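The primary structure of each chain is shown beneath.
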Amino acid sequence: MRYVITNAKLLNGHRDMHVEEGKYIYVSDGKIEKITKSLQGGYDIIDLEGKYILPGLINMHVHLAGNGAHSGKQKDNKKTVDFLFSNPVTRTIAYQMVCNFAKLELYGGVTTIRTVGGLKDLDTRLRNEIKAGKKTGPMILAANEGITVEGGHMAGSVARVARNNEEAKRFVEASYAQGVDLVKLMITGGVLDAKEKGVPGEMKMPEDMIQAICKKAHQLGLLTSAHVESTEGVKAALRNGVDSIEHGAKPDQEMMELFKEKKAFLITTLSPALPFALFDPSVSKVDDTQLFNGKMVFDGIVECSKAALENHIPVGLGNDVGCPWITQYDFYRELVYFHKYVGVTNGFAIYTATLQNAILAGISDITGSIDAGKQADMIVVKENPLDDLNALKNIELVFTKGKMVHPKIKRDKEIEQRLDVFCK
Ligand SMILES: [Zn+2]
């Protein structure tokens, strides 16, 4: 597989990226061999006819366990998962579903995903099959099942319940034995778990358990990422060794100092809270308390992201797909919201979702930008995303480790209609 990409408008994924024309991108053996200003023979030619090429996107917060279902009814996820793993037939169906979700990420222009809570060991299994070339999908950094506590976030669905610190440490060892790339823990509750106004994201996991998990993970050479949606929760997570705060909450000076002291980073996720906070309640089907708390969480995530950026704390992006109204194929919306609600430029949003995410995930030596020596993970769009990030909605072509994939997406009409309003 040797080819050269011609007639492309190149956006390389770096922070100062701008449109570069007249450059030839040479790909061989799945890697970007070189980028030059002259055309050389011996390569197949792929003519992009003036379209834009940029690095494949990296989605830092993925659950390969859902595709935007939004019935409004509180489902018993534990029951569903128990059923799926009750016999070999349903188990096979579950794995097939996970494989299809991952493929949709790729169709949406995402060439790397970081999973942070999945079904049993299916994430590492799929990661290995994709790596071996047996399945088509994005590169995966997998956490498999997360760790939670009794009555905690995602108990029994995409997280295992640890009853004490010893058990929590055993779970870390079990994940390590499965070959995970990181460990996920659920520290606070979520919007839907709260019973009163004003207390979303209440503490669920004791601080000594957070510390026990992080210590064990670090001993094994694994980073930890934690679901946290309250100010106290973020501070408790940082104090006890969590490396990445997923979501975030209303910031204060102490929180910012802790981020810096611990060299931790923030993964901003605007997509899951937006429907709770900004939809008409008749559509999102949330009650008064959930609406109030949803707004609080959304504002907290926005403010946390802004404060982190102002304080030079690294911020990455993920869309928490698996939550209601978020599909596996529209990660681009997270970039649109990042620009719209956090106020960054379009270029910075693209940089965050490509090279910055790669740096935070520890894979910037192999992907995240269009540079010689890196994997040929690239996407092609018709319009300039620096002008309007909605250009990323229609991905014309995806290159994953040099392999060309033509996206085929069947969009959910209702989700389109409800969310497009917020992407203008
Ligand atoms: Zn999540």
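To start, this report covers the structure provided alongside it. None of these values were measured; they are calculated from a predicted model. (Residues numbered from 1 in each chain as written. Predicted model: local features only at pLDDT ≥ 70, side-chain atom pairs only at ≥ 80, totals over all residues. Heavy atoms only, no water.)

Topic: the overall build of the protein
Alright, step 1. The helix and strand tally for the protein stands at 13 helices and 19 strands.
Alright, step 2. Against the compact-globule benchmark of 22 Å for 424 residues, the protein has a radius of gyration of 21 Å, which places it among compact chains.
Alright, step 3. Counting only residues that meet the buried cut, the protein has 59% of its 424 residues in that class.
Alright, step 4. Across the protein, the fraction of contacts at a sequence separation of at least 24, relative to all contacts at a separation of at least 6, is 70%.
Alright, step 5. If you sum the accessible surface of the protein, you get close to 17200 Å²; carbon and sulfur atoms cover 50% of it.
Alright, step 6. Of the charged side chains in the protein, 53 are positive and 53 negative; the average position of the first set lies 4 Å away from that of the second. (Helix = DSSP H or I, 4+ residues; strand = E, 2+ residues; numbered from the N terminus. Rg over C-alpha atoms; globule rule 2.2 N^0.38 Å. Buried < 20%, exposed > 50% of the residue type's maximum accessible area, 1.4 Å probe, protein only. Contact = heavy atoms within 4.5 Å. Areas by Shrake-Rupley, 256 points an atom, 1.4 Å probe, with all protein chains shown as cover. Lys, Arg positive; Asp, Glu negative; His and termini not counted. Charge placed at Lys NZ, Arg CZ, Asp CG, Glu CD.)

Quick look at the packing of aromatic side chains
Given two aromatic rings, their pairing is described by the distance between the two centres and the angle made by the two planes.
Alright, step 1. Counting across every chain of the model gives 8 aromatic pairs.
Alright, step 2. With a centroid separation of 5.7 Å and 50° between ring planes, the pair formed by Phe348 and Tyr351 is classed as tilted. Of the two residues, Phe348 and Tyr351 both sit in helix H12 (residues 346-361), 3 residues apart, roughly one turn of that helix.
Alright, step 3. For Phe348, a relative accessible area of 14% translates into the label buried.
Alright, step 4. For Tyr351, a relative accessible area of 10% corresponds to the buried category.
Alright, step 5. Members of the aromatic cluster, joined through ring pairs, are Phe279, Trp325 and Phe422. (Phe/Tyr/Trp six-rings, centres within 6.5 Å; stacked < 30°, edge-to-face > 60°.)

A short note on the sheet that holds strand E7 (residues 57-62)
Alright, step 1. Judged by pairing direction, the sheet is parallel, and its 3 strands sit side by side in the order E7-E8-E9 without closing on themselves. Unpaired on one side and paired on the other, E7 and strand E9 (139-141) mark the two borders of the sheet. Along the sheet, successive strands turn relative to each other by an average axial angle of 20°, direction set aside.
Alright, step 2. As defined by bridge partners, strand E8 (residues 110-115) adjoins E9 across 3 bridges and the pair is classed as parallel. When the sheet's bridge partners are listed, Ile113 is paired in E9 with Ile140. (Pairing = 2+ DSSP bridges. Axes fitted to C-alpha atoms, helices over the stretch in contact; angles between N-to-C directions.)

Focus: helix H11 (residues 332-342)
Alright, step 1. Burial within H11 is extensive, with 9 of its 11 residues counted as buried.
Alright, step 2. Taken together, the buried positions of H11 are occupied by Tyr332, Arg333, Glu334, Leu335, Val336, Tyr337, Phe338, Tyr341 and Val342.
Alright, step 3. Positive backbone phi, approximately 90°, marks Gly343, located one or two places after H11.

Concerning the pairing of strand E1 (residues 2-6)
Alright, step 1. Among the 5 residues that make up E1, 4 are buried, leaving the element largely enclosed by the rest of the structure.
Alright, step 2. Bridge count for E1 against strand E3 (residues 24-28) is 4 bridges, and the pairing is antiparallel. Note on E3: the bridge partner recorded for Val4 is Tyr26.
Alright, step 3. Two elements, E1 and strand E5 (residues 44-47), share 4 bridges in a ladder whose sense is parallel. Considered in E5, the bridge of Thr6 is made with Asp47.

Notes on the pattern of salt bridges
Alright, step 1. Taken as a whole and assessed by the stated rule, the structure comprises 24 salt bridges.
Alright, step 2. Close ionic contact of Asp288 with Lys197 constitutes a salt bridge, the shortest N to O distance being 3.3 Å. Note that Asp288 is positioned in helix H10 (residues 288-310) and Lys197 in the loop between strand E12 (182-186) and helix H5 (207-219), a separation of 91 residues in sequence.
Alright, step 3. The exposure class assigned to Lys197 is partly exposed, which follows from its relative accessible area of 44%.
Alright, step 4. Glu414 is the partner of Arg418 in a salt bridge, and the nearest nitrogen-oxygen pair spans 3.8 Å. One end of the pair, Arg418, and the other, Glu414, are both in helix H13 (residues 413-420), 4 residues apart, so they sit about a helical turn from each other.
Alright, step 5. Residue Arg418 is classed as partly exposed on the basis of its relative accessible area, which comes to 30%.
Alright, step 6. The class for Glu414 is partly exposed, based on a relative accessible area of 33%.
Alright, step 7. Among the charged side chains, a network of salt bridges with common partners joins Asp330, Arg333, Lys393, Arg411, Glu416 and Asp420. (Salt bridge = Lys/Arg side-chain N within 4 Å of Asp/Glu carboxyl O.)

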